[in-house]
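# Observations on the three-dimensional arrangement
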Amino acid sequence: MTLGCARNEVDSEELAGRLAADGWTLVADAADADVALVNTCGFVAAAKKDSIDAVLEAADAKAGGTTRAVVAVGCLAERYGDELASALPEADAVLGFDDYDAISARLASVLAGEAPAPHVPRDRRTLLPASPQARHAATSARPGSTVEPGSPLRSGTRLLPVLEREPVGLGEAAPGGRLPSGPAAGPVVMRRRLDGGPAAPLKLASGCDRRCAFCAIPAFRGSFLSRRPAEVLGEARWLADQGVRELVLVSENSTSYGKDLGDLRLLETLLPELAAVPGILRVRVSYLQPAETRPGLVRAIASTPGVAPYFDLSFQHSSASVLRRMRRFGDTDRFLELLASIRSISPQSGARSNVIVGFPGETEDDLAELERFLTEARLDAVGVFGYSDEDGTEAAGYDAKVPEEVVAQRVDRLSRLTEELTAQRAEERVGETVEVLVETLTGDGVEGRAAHQAPEVDGVTLLQPSSLIPAPKVGDLVRATVVASEGVDLVAVPRP
């Protein structure tokens, strides 16, 4: 059971791959499983509550089904560890990231009646050298997605999100044997897809070196560490073989990719290679930091064939004074200049962002400045979040806190504004030609996403029937003309 972001989805699929390699089978219902594994999110208060509710839901299956254990992993487990275990006795074990490599043995020990010591949290930034280029020589455990060539791994099976044990010994290869080792330099992918759709996240890196005052992620995800290009490309080829047609590149900060490998322009060179992988129709980059979005990276994303001209920019605010207190950079005019530079290369480029309102010290003038930016930015999608203190962050100790009721009012005010602005932006796209990746076929029609629409977080495009082209299939990339909009969603007619 996976909570949280696309990065957590990749971690869940890594765990599923490791478990499948060691003889476990995934089943659809926790009541039918021996172990329910809950991959938690620990980002903000609402996500923490959802994660705890998921653990409790899984624990309910123990009452009337075959479930014998509920195990919590993921960011909430890593961040709070033994504290979470004490507060949530319904979880039979709370495991941290360092347990991922041995997840099968950990679950087997829980089923054998053992009670593993709860994970003890620590600042994971201390586990790797301060110098980015020295980090790849370190051996600290971290979430990843690969193992060495020749590792046992089943192929081609779609797995569902709860686990039960097959009657095979620990360490024994699962039915289907070993995957071909492939070239000596190419790792075998240790991952099982949990979603059969035509788009899939692909992790570029883990961790973050930024020190935003409101964010606890670096402390429990660790310092920034890029995956090597050969590893990323190998996993991209594997995903294409699994039927994936769109790769969504994810990390805590994609703009930093390559800095620890000695080449900050590595993403610009990697993108055309990913787009050239047979079977891949579109590559999308997520999680860009505006202060690190270089002109060369803008050109690569906006103009590389096969790469979606899509910019997921983490603005967070636009008032210079608020951004400085957040330990971030930029202001309204700089951000508007960045968007203008993107649209000068690709006028139809998509852009989305998240913003935080009610940060300590935020004034009405600051809020008005953010409204000015959003009004002029013409973003396709905006997430509006109210500030709340996060344990261990610098901002939690700030004074000049905005009262909770005022934060709620500002969230409502900005949400209504962004809803109107993004609907206007969608309406501007009427008449454009878009390429829609078909995702679902229902009685209501064909639904997919244009290049400016990322999975889950943005709008969708509904394709109307057309006698000019064959009926599309899931995974097709269909050229279409936008004829209408409904909120952030589009309606389009396929064209020859």
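Structure: above.
Just so it is clear, the model here is predicted, and its values are computed rather than measured. (Residues numbered from 1 in each chain as written. Predicted model: local features only at pLDDT ≥ 70, side-chain atom pairs only at ≥ 80, totals over all residues. Heavy atoms only, no water.)

Moving on to the pattern of salt bridges. Once the charged atoms of two side chains with opposite charge are near each other, the side chains can pair. Considering all chains together, one arrives at 48 salt bridges under this definition. Notably, a salt bridge pairs Glu-390 with Arg-79, separated by 2.8 Å at the nearest N-O pair. Residue Glu-390 is located in the loop between β15 (381-386) and α12 (404-428), and its partner Arg-79 is located in helix α3 (residues 74-87); the two are separated by 311 residues in the primary sequence. (Salt bridge = Lys/Arg side-chain N within 4 Å of Asp/Glu carboxyl O. Helix = DSSP H or I, 4+ residues; strand = E, 2+ residues; numbered from the N terminus.)

A word on the environment of Ala-199. Counting through the fold element by element, Ala-199 comes out in strand β8 (residues 199-203). Here Ala-199 falls in the buried class, since its relative accessible area comes to 14%. Separated by 81 residues in sequence, Ala-199 and Ile-280 place their C-alpha atoms 9.6 Å apart. For Ala-199, the contacting residues outside a window of four places in its chain are Arg-193, Val-244, Glu-246, Glu-439, Arg-449 and Pro-455. (Buried < 20%, exposed > 50% of the residue type's maximum accessible area, 1.4 Å probe, protein only. Contact = heavy atoms within 4.5 Å.)

With parallel pairing, three strands are arranged side by side in an open sheet as β8-β11-β12. With one partner strand each, in any of the chains shown, β8 and β12 (282-285) form the two edges of the open sheet. Taken over all neighbouring pairs, the strand axes of this sheet differ in orientation by 25° on average, direction set aside. Pairing of β8 with strand β11 (residues 246-250) involves five bridges; the strand directions are parallel. (Pairing = 2+ DSSP bridges. Axes fitted to C-alpha atoms, helices over the stretch in contact; angles between N-to-C directions.)

Time to look at α12. With 25 residues, α12 ought to run about 36 Å at 1.5 Å a step, and its terminal C-alpha atoms sit 36 Å apart, in line with that. All of the buried residues in α12 are Val-407, Arg-410, Leu-414, Leu-417, Thr-418, Leu-421, Thr-422, Arg-425 and Ala-426. Elements in contact with the buried residues of α12: β14 (350-357), α11 (364-377), β15, β19 (477-486) and β20 (489-494). (Expected span 1.5 Å × (residues − 1).)

Function cannot be read off these values alone, since they describe shape.
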